[in-house]
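If you want the building blocks of each chain, they are given just below.
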Amino acid sequence: MASAIAVSPTAEAGGARPAGPGPGRRHSPFHRARRRMFVPFVYPALAVYVLIMVAPTLFTLWLSLNRWAGAGPMQWAGLHNYTAMFRDPVFRTSFVNTFWIVVGVGAAVFTIAFGMTILLQDMAGRKWARAVVFFPSLVPGIAISIMWGYLFDPDGLVNTLLADVGVHSHPAWLAQDNMFKVILVGMTWLSSGVYTVIFMAAVDRIPPELYQAAEIEGASAFQRFRYVTFPLMKDVVSVCSVLWCVGALKTFEFLLVFSAESGALPPTNIWNFAMYSYAEAFNPDGTADYGIAAACGVIVLLLTGLLIVLARRVLRRDADTY
Amino acid sequence: MRRRQPPLLAGAALVAVALCASACGGSGAGAGPAGSAGGEDHLTIWSQWLKGQPGQQFLQAAVDDFQKQTGIKVTVQWKGNAVVKSLLPALNSPDVPTDAVETSASQIQNVLYPAGGMADLTAAYQQQVPGTSSTVAQVVGPAATSLATPVDASGQPAGGPVVVPYWASATGVVFYNGQNFPALANAAPKDWDAFFAILDAQKAKNRRPLAQDGSVTSYNAVFYNDFLASVLGPDALNKAETDKTGQTWKQPGYLQAAQLVERLAKGGYFTEGYDASKFPEMEDKWANNEADFNVNGSWLPSEVGPVAAPGFDYRSFVFPAVAGHPAPPLNVTVSGIGVLKSSKHQAAAEKFAAFLLQRGYQTQVATKMQNIPIAAGTPAPAAVEAVKQAIDAGQINTVRSPAALADYNAKIYFGLDDKLVFGKLTAAQFIDAMSSDSADYWKTKG
């Protein structure tokens, strides 16, 4: 194992290297010294990774096959946690809500980010605009969710402003039927700026002569985006979609703080997978069920992997060169 | 190949040492005296209070006094509401970082006890309370002892008490401003017919008389809980919840209780916006005389104190009976000291628990903490004097909800009850849904 990692045949052969080393380089003192240093540099990192990432993941998998109150003896449960979870209507609600967050909010965030990228591309003062759209992501989600709670209260700022402009009939924003929708809007607002800034950074890397050529050809702003900007930022979009999937699947603090009171659990109609897992492990009035919480975690892990593969496949492209 | 092994081993060893150092450091720091003092008298307590809270100030003063009088050093870590969540994973450590935990009995019983972490305090209840001729059991009393004892899946006591409580709180208490309703001080409504008459009189003045923070599901549930406890007795909810067929919900009485909630919801009694506001919006409105009554917990006066209208005269009476039925017994929660099974200083922890039951400290629970002392006959704050009388008279609900039902409540009961309280479901729809959803729930549990 040690030698397999330390002396990778591909690396050694050097075939993929643009400036491949000659056969003599393999035995040069520098190369031998580098090979010796490879191991002490890589193995500590690998050991840390195994200890803090791989081992807990395997433990979670093991835990999902047991019943456990968080301490004391475990009781083997086989696949019971999974079957019980899939039969639970609240888990199905959590699945649908997770889908809305990942896909619904994701689509809104990326659409807004693309739109803002187009709008801000040639705008004067775009650096200032970039800072403004980035601002919401600087404030902790907890603070934002608390603030949103007060904004949308029956006597809150939103309703006061609506009343000032003569709108006295407004939705009960924080009613249980509307709460999840308000949360989705809040998450969209919170995340759009980050992706806008990343997209704008990607756009900055595109050579301006391509846009000049497009203009000479008479391309509209949308066509410039369609045929120049998007293809050349596709790799960034791909990475962003992966980042979004990973982050959205574990959305938690915004939901909890926005909806729950005094350490209690929020209403089940706004639960997502992360909340489901939390509720099973930390029901404030009941015995912890780490087995089901872990089973839910395993499902999230699988879904994350699946979504990442899908996102990478959809946005796969050959390397573009400028 | 072999020459590579030393750096590999060295690297791995370095990581192992680093991780061990950090882990051991963390553990040692958290463990403090509990983990390291061996047989010495050095007690560590994790508390539900945060620095600066009245409860923290009370407990710190008691700790200082206890140290002076006994020579036992006490370290308290102020963990706040997350104390039990923090302690649960720590129970897996070979060196559990505290000797005792100070929080509500329900949390200790439902979370820490099932994990095998708590000591049975039956023997501790036989020790004498300093400065008195009474034992802990006598001061705590049988009803509160019952509340400090875990129950099994059927709600029956399992073993002895695991908490020595020193204060109590209660839900289902109807608060009002004594300035606005002076006649109620000595003539609390005997039943809901009388109370509805008072509420209707307020409605006639274009007021929405009942403040209700609908975003707190447990506050919403108080109405159905207590109506049902009055109509069918305090064990009726447990019976229906644990019936795997769901048919118990269809029995007479369950619908009657739901109809009373429906009457409140659809009759315009609750404050406007109660179903779409953030806690504590509605109780703050009540404290500023924008609503007349608030069915809440005994902690309400101290909670709204900083925002209440000047001169607000907190008064209360317990949840009235449904006409023609006995009043529901008061729902009480007790809080106090639980001792960890792994503690090396159990005797010292039990001694401290008994120390808090002295008359002087019990009086301070009322005067400094503004809470209800556990010892019978010790005066409570005036705002909750009616509650204290009910507790001393033993008129409290000792029916226990099994810990496993917390999941049922979170997933079935609270959601449907919220819809009933918000007027989204009629009483009949509520009962039908409770019945069918209960049957489905128990099917998922296998």
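In this text the structure is predicted, and so the values were computed from the model without any measurement.

*Asks:* Teacher, can you tell me more about the overall build of chain A here?
*Replies:* A count of helices and strands for chain A gives 15 helices and two strands. Taking all 322 residues of chain A together, the buried fraction comes to 42%. Look at the contacts in chain A between residues 6 or more apart in sequence, and 65% of them connect residues 24 or more apart. With an accessible surface of roughly 16900 Å², chain A has 70% of that area assigned to carbon and sulfur atoms.

*Asks:* Is there a simple way to explain the environment of Val139 of chain A in this structure?
*Replies:* Mapped onto the fold, Val139 of chain A is located in the loop between helix H6 (126-138) and helix H7 (141-151). Here the alpha-carbon distance between Val139 of chain A and Leu255 of chain A, two residues 116 residues apart in the chain, equals 16 Å.

*Asks:* Please clarify how the interface of chain A and chain B should be interpreted in this entry.
*Replies:* Counting residues at the interface gives 52 residues for chain A and 40 residues for chain B. Both sides of the chain A and chain B interface together cover about 3900 Å² of buried area, and 57% of this is carbon and sulfur. Taken together, chain A and chain B are joined by four salt bridges. Close ionic contact of Glu280 of chain A with Lys411 of chain B constitutes a salt bridge, the shortest N to O distance being 2.6 Å. Applying the counting rule to chain A against chain B returns 15 residue pairs in polar contact (both at pLDDT 80 or more). Elements with a contribution of two residues or more to the side of chain A that touches chain B: helix H3 (29-63), helix H4 (80-87), helix H5 (89-121), H7, helix H9 (176-204), helix H13 (253-259) and helix H14 (273-282) of chain A. The element contributing the most residues to the side of chain A that touches chain B is H3 of chain A, with nine residues. Across the side of chain A that touches chain B, the residue classes tally to 30 nonpolar, 12 polar and 10 charged.

*Asks:* Whenever I open this one, the environment of Ser93 of chain B confuses me. Can you help?
*Replies:* All names here are of chain B. Here Ser93 shows up in the loop between helix H3 (83-90) and strand S3 (100-104). Using a relative accessible area of 24% as the deciding quantity, one classes Ser93 as partly exposed. Sequence separation between Ser93 and Gln107 is 14 residues, and the spatial gap between their C-alpha atoms is 20 Å. Among the polar contacts made by the side chain of Ser93, one reaches the main-chain amide nitrogen of Asp95 at a distance of 2.9 Å.

*Asks:* Is there a simple way to think about the pattern of salt bridges in this case?
*Replies:* Two side chains that carry opposite charge are able to pair once their charged atoms sit near each other. Throughout the structure, instances matching the rule amount to 14 salt bridges over all chains. The partner of Glu262 of chain B in a salt bridge is Lys266 of chain B, with the nearest N and O atoms 3.8 Å apart. Of this pair, Glu262 of chain B and Lys266 of chain B both sit in helix H10 (residues 254-266), four residues apart, roughly one helical turn. Across the pair Lys445 of chain B and Asp407 of chain B runs a salt bridge, and its minimum N-O distance is 3.0 Å. Here Lys445 of chain B is found in the segment after helix H17 (427-444), whereas its partner Asp407 of chain B is found in helix H16 (residues 405-421), with 38 residues between them in sequence. A single network of salt bridges, built from pairs that share partners, joins Asp88 and Glu280 of chain A together with Asp407, Lys411 and Lys445 of chain B.

The rules behind the values
- Residues numbered from 1 in each chain as written.
- Chains lettered and ligands numbered in written order.
- Predicted model: local features only at pLDDT ≥ 70, side-chain atom pairs only at ≥ 80, totals over all residues.
- Heavy atoms only, no water.
- Helix = DSSP H or I, 4+ residues; strand = E, 2+ residues; numbered from the N terminus.
- Buried < 20%, exposed > 50% of the residue type's maximum accessible area, 1.4 Å probe, protein only.
- Contact = heavy atoms within 4.5 Å.
- Areas by Shrake-Rupley, 256 points an atom, 1.4 Å probe, with all protein chains shown as cover.
- Buried area = accessible area lost by both parts, 1.4 Å probe.
- Salt bridge = Lys/Arg side-chain N within 4 Å of Asp/Glu carboxyl O.
- Polar contact = N/O pair within 3.5 Å; in protein donor to acceptor, adjacent residues only side chain to side chain.
- Nonpolar A, V, L, I, M, F, W, Y, C, P; charged D, E, K, R; others polar.

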